[in-house]
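What follows is each chain in one-letter form.
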Amino acid sequence: MTAIQVLIKEIRQLTPMSAVVNQLMEVIDAPGCSMEDIAGIVQYDPALTANILRTCNSAYFGLSNPIESVRDAVSILGMDQILELVMLKAGARVFEKPQTGYEMEQGMIWKSSVSSALIAKELAKKLCPEHKNCIFTAALLKDIGKTVLDRFIASSHEKINTLVREEDYSFREAEKKVIGIDHAELGAMIMKMWKFSPRMVKIIRHHHLSDPSMQQDTDIAIVYLSDCICMMTGMGTGADGLAYRFHDQVVENMGLTSDDIMKIIAEFTQTMEQVEGLLQIV
């Protein structure tokens with residue numbers, strides 16, 4: 001059995017995300033989507049409902065009156081916030097383990113993923129607000145392939161590092177060379193098997209912009225840039241963070257300047273408490 005066949009087998013053994021996640025992603029950006037539609041989907045998942053209510057009534061939100069139903073939660077917090085909470089709940093389980101092959105301790109990849117998603121959401125609000133929910137989710141889950149690939153990375157660490165150090169490969173390129181697949185490709189396979197939309201699969205597959213033709217795709221470029229900004233703030237710099245390809249043209253295509261990027265970094269650094277708060281309640 002080849003390494004890729006083993007990886008596919010392991011994907012099939014993963015516990016998929018709740019069907020509620022896909023249902024929400026399908027309806028939330030649809031024309032005419034209402035708060036009733038969102039509440040109607042979430043309320044049929046008892047565990048998720050309980051988690052949402054517990055989270056909404058936590059000190060993080062500081063609501064004066066307790067929320068007692070999903071409909072109240074959606075009404076008070078809004079559809080976007082509820083979707084984010086659902087995705088954070090789903091993602092926390094996926095990223096709970098340490099990624100030793102990528103040299104990321106327990107909690108590191110999750111903190112990086114949440115940070116990237118929050119940055120991506122802010123960029124999306126400015127550049128393509130109609131896609132902000134899809135972009136948030138893609139940025140949150142973009143590294144899901146690492147959860148399966150990690151043990152293969154650990155066993156091939158020396159070969160990968162040699163390519164990075166001596167032949168100027170990026171870490172992702174070295175993954176592909178040594179194992180036959182990289183974490184972005186594997187992540188796209190997972191999302192496809194879990195029946196996420198073709199759009200979501202495409203964003204995760206290309207979030208490193210290794211295919212130059214994808215640099216013009218604003219959604220993909222935002223997820224890529226949010227990942228870069230995370231690394232600039234010192235977050236997500238595991239084994240692969242020090243061997244990353246940065247595409248200057250992407251920033252120019254978006255109409256952003258280096259000053260804009262520095263402002264985004266400064267603003268995000270100031271709101272790190274938001275990340276810590278979200279991580280504590282999820």
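For the structure itself, consult the block above.
Anyway, here's the lowdown on the structure attached to this text. (Residues numbered from 1 in each chain as written. Predicted model: local features only at pLDDT ≥ 70, side-chain atom pairs only at ≥ 80, totals over all residues. Heavy atoms only, no water.)

1. As for the overall build of the protein
For clarity, the cut-off: Put simply, DSSP H or I for four residues or longer makes a helix, DSSP E for two residues or longer makes a strand, and each gets a number counted from the N terminus. Just to be clear, the radius of gyration here is over C-alpha atoms, and the globule rule we use is 2.2 Å times residues to the power 0.38. Throughout this description, buried means an accessible area under 20% of the type-specific maximum (1.4 Å probe, protein chains only), exposed means over 50%, and partly exposed covers the range between. Any pair of residues with heavy atoms lying within 4.5 Å of one another is described as a contacting pair. Residue burial considers only the protein chains on display, and all accessible areas are found by Shrake-Rupley using a 1.4 Å probe.
Looking only at helices and strands, the protein has 17 helices and zero strands in total. Computed over the C-alpha atoms, the radius of gyration of the protein is 19 Å, within 12% of the 19 Å expected from 2.2 N^0.38 for a compact globule of 282 residues. Judged by the C-alpha coordinates and their principal axes, the protein covers about 60 × 50 × 35 Å. Within the protein, the fraction of its 282 residues that count as buried is 53%. Of all intrachain contacts in the protein linking residues separated by at least 6 positions in sequence, the fraction that spans at least 24 positions is 68%. Just so you have it, the protein exposes about 13100 Å², and 51% of that area is on carbon and sulfur atoms.

2. Considerations on the state of the cysteines
Operational definition: By convention in this document, the label disulfide applies to cysteine sulfur atom pairs within 2.5 Å.
Enumeration according to the criterion identifies zero disulfides in this entry. Cysteine C228 remains unbridged, with the sulfur of C230 as its closest cysteine sulfur at 9.6 Å. With a relative accessible area of 4%, C228 lands in the buried category. Relative accessible area serves as the criterion here: at 1%, C230 is assigned to the buried category.

3. Let's talk about the side chain of K142
For clarity, the cut-off: In protein, a polar contact means a hydrogen-donor-capable atom and an acceptor-capable atom, both N or O and within 3.5 Å, with residues adjacent in sequence counting only if both atoms are side-chain atoms; elsewhere, any N or O pair within 3.5 Å suffices.
With respect to the helices and strands, K142 occurs in the loop between α8 (132–141) and α9 (144–155). Among the polar contacts listed, one links the side chain of K142 to the side chain of S116, at a separation of 3.2 Å. The residues touching K142, leaving out its near neighbours within four places in the chain, are S116, I204, H207, V223 and D227.

4. Thoughts on the layout of surface pockets
For clarity, the cut-off: Within this scheme a cavity is a closed region of a 1 Å grid, computed over the protein atoms alone, that accommodates a 1.4 Å probe without allowing it to escape, whereas a pocket is open but has protein on both sides within 12 Å along at least five of seven lines; lining residues each have an atom within 4 Å of a point. Grid points are joined across faces, edges and corners, and a volume is the space filled by probe spheres set on the points. Residue polarity is assigned by list, with Asp, Glu, Lys and Arg as charged and Ala, Val, Leu, Ile, Met, Phe, Trp, Tyr, Cys and Pro as nonpolar; anything else, Gly included, falls into the polar class.
Its volume calculated, the largest pocket comes out at about 480 Å³. L14, V94, K97, T147 and V148 are the residues nearest the centre of the largest pocket, which is lined by 16 residues in total. Broken down by secondary-structure element, the contributors of at least two residues to the lining of the largest pocket are α1 (3–13), α6 (79–94) and α9. Across the lining of the largest pocket, the residue classes break down as six nonpolar, four polar and six charged.

5. What about α8?
Among the ten residues that make up α8, nine are buried, leaving the element largely enclosed by the rest of the structure. Of the positions making up α8, those classed as buried are N133, C134, I135, F136, T137, A138, A139, L140 and L141.

6. Describing helix α2 (residues 19–27)
Every buried residue of α2 is listed here: V20, V21, N22, L24 and M25. Residues of α2 that are buried make contact with α3 (35–42), α4 (46–56), α6, α8 and α13 (198–205).

7. Thoughts on the nonpolar core
Condition: Buried Ala, Val, Leu, Ile, Met, Phe, Trp, Tyr and Cys residues form a nonpolar core when they are joined through side-chain atoms within 4.5 Å.
Core analysis: the largest hydrophobic core is formed by 94 residues, its most contacted members being M17, L141 and L149. The residues touching L141, leaving out its near neighbours within four places in the chain, are M17, M87, G91, F95, M191, F196 and I204.

8. Some remarks on the packing of aromatic side chains
Counted only if it meets this: Between rings of Phe, Tyr and Trp, where Trp is taken as its six-membered ring, a pair exists when centres lie within 6.5 Å; planes separated by under 30 degrees are stacked, by over 60 edge-to-face, and by other angles tilted.
By the definition in use, this model includes two aromatic pairs. Judged by centre distance (6.2 Å) and plane angle (20°), the rings of F95 and W110 are stacked. Here the residue F95 occupies a position in the loop between α6 and α7 (108–127), and W110 occupies one in helix α7, the gap between them amounting to 15 residues. Taken individually, F95 and W110 each receive the classification buried, so the pair is uniform in this respect. Aromatic side chains Y102 and F171 sit 5.8 Å apart centroid to centroid with 45° between the ring planes, which places their arrangement in the tilted category. Of this pair, Y102 sits in the loop between α6 and α7 while F171 sits in helix α11 (residues 171–179); the two residues are 69 residues apart in sequence, bridging distant segments of the chain. Across the pair, exposure class does not vary: Y102 and F171 are buried alike.

9. Things to note about the pattern of salt bridges
As a reminder of what qualifies: What makes a salt bridge here is a side-chain nitrogen of Lys or Arg within 4 Å of a carboxyl oxygen of Asp or Glu, nothing more.
Going through the model one piece at a time under the given rule, you end up with 14 salt bridges. For the salt bridge of D182 with R172, the shortest nitrogen-to-oxygen distance reads 2.8 Å. Of this pair, D182 sits in the loop between α11 and α12 (183–193) while R172 sits in helix α11, placing them ten residues apart in sequence. Classification of D182 as buried rests on a relative accessible area of 1%. A salt bridge links E185 to R205; the shortest N-O distance between them is 3.2 Å. In this pair, E185 is assigned in helix α12 and R205 in helix α13, connecting sequence segments 20 residues apart. Look at E185 and you get buried, because its relative accessible area is 13%. Residues joined by salt bridges that share partners form a network here, namely K142, D143, K146 and D227.

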